[in-house]
Amino acid sequence: MPFYEHIFLARQDLAQAQIETLSEGFSKIIEEGGGRVVKTEFWGLRTIAYRIAKNRKAHYVMLGIDAPAPALHELERQVSLNEDVIRFLTLKVDAIDTEPSAMMRRDRDRESGREGRGDRDGRDRDRGDRGGDRDRGGDRDRGAPRAERAPQNVEA
(Lines give C-alpha, C1' and ligand atoms only; values in the text may rest on other atoms or scores of the structure.)
Protein backbone atom coordinates (compact mmCIF):
# COMPACT_ATOMS: atom_id res chain seq x y z
CA MET A 1 0.00 0.00 0.00
CA PRO A 2 1.19 3.56 -0.61
CA PHE A 3 2.30 5.84 2.21
CA TYR A 4 0.91 9.31 2.85
CA GLU A 5 1.42 12.22 5.21
CA HIS A 6 -1.82 14.01 5.96
CA ILE A 7 -1.60 17.36 7.74
CA PHE A 8 -4.65 19.26 8.87
CA LEU A 9 -5.16 22.59 10.58
CA ALA A 10 -8.01 22.80 13.07
CA ARG A 11 -9.67 25.93 14.42
CA GLN A 12 -7.86 27.79 17.19
CA ASP A 13 -10.76 27.78 19.63
CA LEU A 14 -10.84 23.98 19.96
CA ALA A 15 -9.54 22.28 23.09
CA GLN A 16 -6.76 19.68 23.00
CA ALA A 17 -9.29 16.92 23.77
CA GLN A 18 -11.34 17.94 20.74
CA ILE A 19 -8.24 17.84 18.54
CA GLU A 20 -7.46 14.32 19.75
CA THR A 21 -11.06 13.28 19.06
CA LEU A 22 -10.76 14.66 15.52
CA SER A 23 -7.54 12.75 14.82
CA GLU A 24 -8.99 9.54 16.31
CA GLY A 25 -12.05 9.91 14.08
CA PHE A 26 -9.86 10.37 11.02
CA SER A 27 -7.77 7.35 12.05
CA LYS A 28 -10.95 5.30 12.31
CA ILE A 29 -11.92 6.27 8.75
CA ILE A 30 -8.55 5.02 7.50
CA GLU A 31 -8.85 1.74 9.45
CA GLU A 32 -12.35 1.12 8.10
CA GLY A 33 -10.93 1.57 4.58
CA GLY A 34 -8.32 -1.14 5.11
CA GLY A 35 -5.35 1.04 6.08
CA ARG A 36 -3.62 2.07 9.25
CA VAL A 37 -2.26 5.22 10.83
CA VAL A 38 1.39 4.60 11.59
CA LYS A 39 2.22 7.89 13.27
CA THR A 40 0.31 10.81 14.78
CA GLU A 41 2.01 14.06 15.76
CA PHE A 42 0.39 17.05 17.44
CA TRP A 43 2.39 20.12 16.49
CA GLY A 44 0.36 22.36 18.75
CA LEU A 45 -1.26 25.75 18.36
CA ARG A 46 0.79 27.84 15.93
CA THR A 47 0.43 31.19 14.23
CA ILE A 48 -0.42 30.82 10.56
CA ALA A 49 1.03 33.03 7.82
CA TYR A 50 -2.29 34.64 6.91
CA ARG A 51 -5.84 34.65 8.22
CA ILE A 52 -7.95 31.68 7.20
CA ALA A 53 -11.68 31.91 7.95
CA LYS A 54 -11.02 34.62 10.58
CA ASN A 55 -8.40 32.47 12.35
CA ARG A 56 -4.92 33.76 13.06
CA LYS A 57 -3.76 30.54 14.72
CA ALA A 58 -4.49 26.87 14.17
CA HIS A 59 -3.83 23.49 15.76
CA TYR A 60 -1.52 21.47 13.50
CA VAL A 61 -1.79 17.66 13.36
CA MET A 62 0.17 15.29 11.12
CA LEU A 63 -0.89 11.70 10.40
CA GLY A 64 1.45 9.13 8.84
CA ILE A 65 -0.86 6.87 6.83
CA ASP A 66 -0.40 3.47 5.17
CA ALA A 67 -3.65 2.99 3.24
CA PRO A 68 -5.12 2.29 -0.18
CA ALA A 69 -6.24 5.23 -2.30
CA PRO A 70 -10.02 4.77 -1.75
CA ALA A 71 -9.56 5.03 2.03
CA LEU A 72 -7.54 8.19 1.58
CA HIS A 73 -10.18 9.70 -0.72
CA GLU A 74 -12.84 9.00 1.91
CA LEU A 75 -10.63 10.63 4.58
CA GLU A 76 -10.20 13.74 2.42
CA ARG A 77 -13.95 13.87 1.78
CA GLN A 78 -14.73 13.65 5.50
CA VAL A 79 -12.06 16.23 6.38
CA SER A 80 -13.40 18.68 3.81
CA LEU A 81 -16.90 18.35 5.29
CA ASN A 82 -15.72 18.91 8.87
CA GLU A 83 -16.26 22.50 10.02
CA ASP A 84 -13.46 22.34 12.59
CA VAL A 85 -10.78 21.77 9.94
CA ILE A 86 -9.76 24.94 8.13
CA ARG A 87 -7.05 23.48 5.83
CA PHE A 88 -5.57 20.10 5.00
CA LEU A 89 -2.84 18.70 2.79
CA THR A 90 -2.08 15.12 1.83
CA LEU A 91 1.30 14.16 0.40
CA LYS A 92 2.39 10.82 -1.00
CA VAL A 93 5.75 9.78 0.44
CA ASP A 94 8.13 6.91 -0.23
CA ALA A 95 8.25 5.78 3.39
CA ILE A 96 6.88 6.96 6.70
CA ASP A 97 9.65 8.22 8.93
CA THR A 98 9.30 6.73 12.41
CA GLU A 99 11.48 9.44 13.96
CA PRO A 100 9.98 12.77 15.05
CA SER A 101 9.39 15.21 12.21
CA ALA A 102 11.34 18.44 11.79
CA MET A 103 8.56 20.37 13.54
CA MET A 104 8.77 18.15 16.61
CA ARG A 105 12.58 18.30 16.71
CA ARG A 106 12.47 22.10 16.47
CA ASP A 107 10.10 22.29 19.45
CA ARG A 108 12.26 19.89 21.45
CA ASP A 109 15.35 22.00 20.72
CA ARG A 110 13.56 25.15 21.88
CA GLU A 111 12.48 23.48 25.12
CA SER A 112 16.00 22.30 25.85
CA GLY A 113 17.43 25.81 25.35
CA ARG A 114 19.20 25.14 22.06
CA GLU A 115 17.36 27.87 20.21
CA GLY A 116 18.89 29.22 17.01
CA ARG A 117 22.02 28.01 15.30
CA GLY A 118 24.38 26.00 17.42
CA ASP A 119 27.47 26.30 15.21
CA ARG A 120 28.39 29.91 15.97
CA ASP A 121 30.70 29.23 18.94
CA GLY A 122 29.49 32.35 20.77
CA ARG A 123 30.83 34.74 18.14
CA ASP A 124 27.56 36.66 17.85
CA ARG A 125 27.10 37.40 21.54
CA ASP A 126 29.26 40.39 22.36
CA ARG A 127 30.88 41.54 19.13
CA GLY A 128 33.64 42.93 21.32
CA ASP A 129 36.29 41.47 19.02
CA ARG A 130 35.73 44.17 16.39
CA GLY A 131 37.73 46.92 17.98
CA GLY A 132 37.62 50.61 17.02
CA ASP A 133 38.12 52.36 13.69
CA ARG A 134 41.85 52.59 14.25
CA ASP A 135 42.08 48.81 14.35
CA ARG A 136 40.40 48.59 10.95
CA GLY A 137 42.58 51.21 9.36
CA GLY A 138 40.41 54.27 9.92
CA ASP A 139 42.03 57.49 11.10
CA ARG A 140 39.06 59.02 12.91
CA ASP A 141 38.11 58.48 16.50
CA ARG A 142 34.35 57.94 16.37
CA GLY A 143 34.02 58.19 20.13
CA ALA A 144 35.10 61.85 20.36
CA PRO A 145 32.58 64.64 19.81
CA ARG A 146 32.79 66.46 16.46
CA ALA A 147 34.26 69.64 17.97
CA GLU A 148 37.24 67.76 19.42
CA ARG A 149 38.18 65.97 16.19
CA ALA A 150 41.03 67.22 14.07
CA PRO A 151 39.98 69.01 10.88
CA GLN A 152 40.01 66.73 7.86
CA ASN A 153 40.74 69.03 4.88
CA VAL A 154 43.00 71.84 6.02
CA GLU A 155 45.13 73.65 3.45
CA ALA A 156 48.21 75.32 4.77
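Residues numbered from 1 in each chain as written. Predicted model: local features only at pLDDT ≥ 70, side-chain atom pairs only at ≥ 80, totals over all residues. Heavy atoms only, no water.

## Considering the pattern of salt bridges
And step 1. Using the criterion set out here, one finds five salt bridges in the structure.
And step 2. Note that R11 is salt-bridged to D84, the shortest N-O span being 2.9 Å. Placement of R11 in strand 1 (residues 3–11) and of D84 in the loop between helix 2 (69–81) and strand 4 (85–93) is noted, with a sequence separation of 73 residues between them.
And step 3. Using a relative accessible area of 25% as the deciding quantity, one classes R11 as partly exposed.
And step 4. Among the salt bridges present, the one from R36 reaches D66, with a minimum N-O distance of 3.7 Å. With R36 in strand 2 (residues 36–52) and D66 in strand 3 (residues 55–66), this pair connects stretches of sequence that are 30 residues apart.
And step 5. Among the residues examined, R36 registers a relative accessible area of 47% and is labelled partly exposed.
And step 6. Judged by relative accessible area, D66 falls into the buried class, the value being 8%.
And step 7. One network of salt bridges, with partners in common, ties together R11, D13 and D84. (Salt bridge = Lys/Arg side-chain N within 4 Å of Asp/Glu carboxyl O. Helix = DSSP H or I, 4+ residues; strand = E, 2+ residues; numbered from the N terminus. Buried < 20%, exposed > 50% of the residue type's maximum accessible area, 1.4 Å probe, protein only.)

## Concerning the environment of E24
And step 1. Among the structural elements, E24 can be located in helix 1 (residues 16–32).
And step 2. Taking the C-alpha atoms as reference points, E24 and T40, 16 residues apart in sequence, are found 9.5 Å from one another.

## Examining the sheet that holds strand 3
And step 1. Taken in spatial order, the four strands line up as 2-3-1-4 in an open sheet, and their pairing is antiparallel. A single partner strand is all that each edge strand has here, and the edge strands are strand 2 and strand 4. Taken pair by pair, the neighbouring strands of this sheet meet at an average axis angle of 20°, ignoring direction.
And step 2. Sheet analysis places strand 1 next to strand 4, joined by eight bridges and oriented antiparallel. What sits directly across from F8, in strand 4, is F88.
And step 3. In the packing of helix 1 onto the sheet, the strands contacted are strand 1, strand 2, strand 3 and strand 4, and the crossing angle to strand 2 comes to about 130°.
And step 4. Sitting on the sheet, helix 2 touches strand 1, strand 3 and strand 4, and the angle it makes with strand 4 is about 165°. (Pairing = 2+ DSSP bridges. Axes fitted to C-alpha atoms, helices over the stretch in contact; angles between N-to-C directions. Contact = heavy atoms within 4.5 Å.)

## A few points about the environment of T47
And step 1. Considering the arrangement of structural elements, one finds T47 in strand 2.
And step 2. Overall, T47 belongs to the exposed group, its relative accessible area being 58%.
And step 3. Along the primary structure T47 and H59 are separated by 12 residues, whereas in three dimensions their C-alpha atoms are 8.9 Å apart.
And step 4. Leave out the neighbours within four places in its chain, and T47 touches R56, K57 and Y60.

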